[in-house]
Amino acid sequence: MQPKQIIVVGGGAAGCMAAGTAAKNDAKVLLLERNDKLARKVLITGKGRCNVTNNLNEVGELIANVPGNGRFLYSAFTDFMPQDMRDFLEAHGVKTKVERGNRVFPESDRAMDVVDVLALYTEENGVERKTERVTKILTEDGKAVGVECESGKTYSADAVILTTGGKSYPRTGSTGDGYRMAEAVGHKIMPIRPSLSALKCREGFCTDCMGLSLRNVALRVRDTKKKKDIYKDFGEMLFTHFGVSGPMILSASAHLRDMAPERYKLFIDLKPALTEAQLDARILRDFKEESNKNIFNTLGLLLPKSIISPVLKLSGIQPNEKANQITKEERRRLLETVKSLPLTVLDFHHLDEAIVTAGGIKTSEVSPKTMESKLLKNLYFAGEVLDVDAYTGGFNLQIAFSTGHLAGASAAKALEEM
């Protein structure tokens, strides 16, 4: 019997996993990717090291790290867990290691090694691949029956798996094509926005501090609308010409679910290892030892030079005041600023540079047990094109691998039963 044909649209992490898995389950698979190389976005993840997954291996723990429709992924995670991904890589010669926060990387620290495995997985299972940009899903009698491409070519299929990614980093091929195609066949697209994104801030001193990297600082995020703290973290951040970035900020951005100018405030503890009493004692000691110096120079013992002027201004202290002239009230304000440097969030930075796109195909219109559309038979989805997004730490790539694996296996099984 002639095997049924599955077309996978998009050759990223989810697409390669879906194509290889479907072919491994005896389907004939055609992978259509607009770029001449596969998984280009994977190459830039983890700063080129590829944070391939997270070492949490309880489904509930994984879901807890997916604020965007995490429960929808229960079956996908159960089908293909982080340990399965690590085993998959190691079976293909790529050993992995676990770092801080249970982040998993290839031992080589080379994202290309992961890309090579994904490409090999498609090749070893006989996936046919063509360089085409798909523009339309072809339908007939309530079923997906093929695709139409920008070149004018059409390809027939018994099932289509859409894995075109989101809309961030468009140079990798993620330009929102999947949203348009899904919407054209009746699917609702939830508003897209950046996630794991740098943040624009109101304070001008961010520009003055541009390039300053702070390590081992603490972050608190407050929702002024709900009047409560919504996130805390410890780690690294970076000042930019528009605001702030860095690992800690990217993680925080995933919690800003309904962005509005000045709704969210960031508070940076520049000295989290010291209690307020310890910090006060440290400042008093520095002031005593440098009593005849102006306070700007005295604080050089405590803080990076570029952050001193903003701290003094927020504390209401003139930078040329002598250390021995600082009043108790001024010292109290200084202490409060160092322990809680305020920043006002205006917006996410550009979507084009966000690590992940939040929003996408409405999950209630997709079967969580198979990744098949509830609106159009034989159409499946996987990866970032869906309205699912997670915190930083390898979770978003694991979503791509898990949904891709489930979509590929489900499509192959459904066609086998036809």
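The structure we're discussing is the one just above.
Residues numbered from 1 in each chain as written. Predicted model: local features only at pLDDT ≥ 70, side-chain atom pairs only at ≥ 80, totals over all residues. Heavy atoms only, no water.

A. Highlighting the overall build of the chain. Helix and strand content of the chain: 14 helices and 19 strands. In terms of overall dimensions, the chain has C-alpha extents of about 90 × 40 × 35 Å along its principal axes. The proportion of buried residues among the 418 residues of the chain is 56%. With 58 positive and 53 negative side-chain charges, the chain shows a spacing of 5 Å between the two charge centroids. (Helix = DSSP H or I, 4+ residues; strand = E, 2+ residues; numbered from the N terminus. Buried < 20%, exposed > 50% of the residue type's maximum accessible area, 1.4 Å probe, protein only. Lys, Arg positive; Asp, Glu negative; His and termini not counted. Charge placed at Lys NZ, Arg CZ, Asp CG, Glu CD.)

B. Local environment of the nonpolar core. Ile6, Val29, Phe77, Phe88, Phe381, Leu386 and Phe401 are the most contacted members of the largest nonpolar core, which has 83 residues in total. When sequence neighbours within four positions are dropped, the list of residues in contact with phenylalanine 88 reads Met17, Phe80, Val117, Leu118 and Tyr121. Listed in part, the 44 residues of the second largest apolar core include Cys201, Tyr264, Ile295 and Phe296. (Core = buried A, V, L, I, M, F, W, Y, C linked by side-chain atoms within 4.5 Å. Contact = heavy atoms within 4.5 Å.)

C. Structural context of the layout of surface pockets. By volume, the second largest pocket is sized at about 280 Å³. If you go around the second largest pocket, you meet 19 residues; those closest to its centre are Arg103, Tyr231, Asp233, Ser251 and Thr392. Only strand 14 (228–239) and helix 9 (247–253) provide two or more residues apiece to the lining of the second largest pocket. Examining the composition of the lining of the second largest pocket, we find that five residues originate from one element, strand 14, more than from any other. Across the lining of the second largest pocket, the residue classes tally to seven nonpolar, eight polar and four charged. (1 Å grid on protein atoms, 1.4 Å probe; cavity = no way out; pocket = protein on both sides within 12 Å on 5 of 7 lines; lining within 4 Å. Points joined across faces, edges and corners; volume = space filled by probe spheres on them. Nonpolar A, V, L, I, M, F, W, Y, C, P; charged D, E, K, R; others polar.)

D. Highlighting helix 1 (residues 13–24). Between the first and last C-alpha of helix 1 there are 16 Å, a value that for 12 residues agrees with the 16 Å anticipated at 1.5 Å per step. Within the sequence span of helix 1, burial applies to Ala13, Ala14, Gly15, Cys16, Met17, Ala18, Ala19, Gly20, Thr21, Ala22 and Ala23. A positive phi of about 75° marks aspartate 26, the residue just after helix 1. (Expected span 1.5 Å × (residues − 1).)

E. How the structure looks around the side chain of serine 410. Among the secondary structure elements, serine 410 is positioned in helix 14 (residues 395–416). When its relative accessible area of 12% is taken as the criterion, serine 410 is described as buried.

F. Unusual backbone geometry, seen in detail. The residue asparagine 69 is not glycine, and still its phi comes out positive at about 60°. Note on asparagine 69: relative accessible area 32%, which makes it partly exposed. A positive phi angle, near 60°, is found at aspartate 109, a position not held by glycine. With respect to the element layout, aspartate 109 can be found in the loop between strand 5 (103–106) and helix 6 (111–124). Residue class for aspartate 109 comes out partly exposed when judged on its relative accessible area of 29%.

G. Inspection of the sheet that holds strand 12 (residues 199–201) at higher detail. Pairing is antiparallel around the closed barrel formed by six strands, whose spatial order is 12-15-14-13-16-17. Direction aside, neighbouring strands of the sheet carry axes that sit 45° apart on average. Sheet topology places strand 12 next to strand 15 (residues 243–245); two bridges connect them, and they run antiparallel. Bridging from a neighbouring strand, leucine 199 pairs with valine 244 of strand 15. Relative to strand 16 (residues 264–269), helix 13 (residues 328–339) is tilted by about 105°, and along the sheet it contacts strand 16 and strand 17 (341–348). (Pairing = 2+ DSSP bridges. Axes fitted to C-alpha atoms, helices over the stretch in contact; angles between N-to-C directions.)

H. Region of the structure containing the packing of aromatic side chains. A full pass over the atoms with the stated rule returns two aromatic pairs. Judged by centre distance (4.8 Å) and plane angle (85°), the ring pair of phenylalanine 88 and tyrosine 121 falls under edge-to-face. On the criterion of sequence distance, the pair formed by phenylalanine 88 in helix 5 (residues 82–91) and tyrosine 121 in helix 6 is long-range, its members being 33 residues apart. Among the residues examined, phenylalanine 88 registers a relative accessible area of 10% and is labelled buried. (Phe/Tyr/Trp six-rings, centres within 6.5 Å; stacked < 30°, edge-to-face > 60°.)

I. Up close: the packing of helix 12 (residues 305–315) against helix 13. Relative to each other, helix 12 and helix 13 sit at 130°, their axes nearing to 8 Å. As judged from the angle between their axes, helix 12 and helix 13 are oblique. Crossing geometry of helix 12 relative to helix 13 is assigned as right-handed. On the side of helix 12, the interface is formed by Val311, Leu314 and Ser315, while helix 13 contributes Arg333, Leu334, Thr337 and Val338. (Parallel < 35°, antiparallel > 145°, perpendicular 65-115°, else oblique. Left-handed = near helix turned anticlockwise from the far one by under 90°.)

J. Geometry of a negative patch on the surface. Together, Asp84, Asp87, Glu90 and Glu107 make up a negatively charged patch on the protein surface. If you trace the backbone, aspartate 87 turns up in helix 5. (Patch = residues over 30% accessible without salt bridge, like charges linked within 9 Å, V, L, I, M, F, W, Y side chains within 5 Å. Areas by Shrake-Rupley, 256 points an atom, 1.4 Å probe, with all protein chains shown as cover. Salt bridge = Lys/Arg side-chain N within 4 Å of Asp/Glu carboxyl O.)

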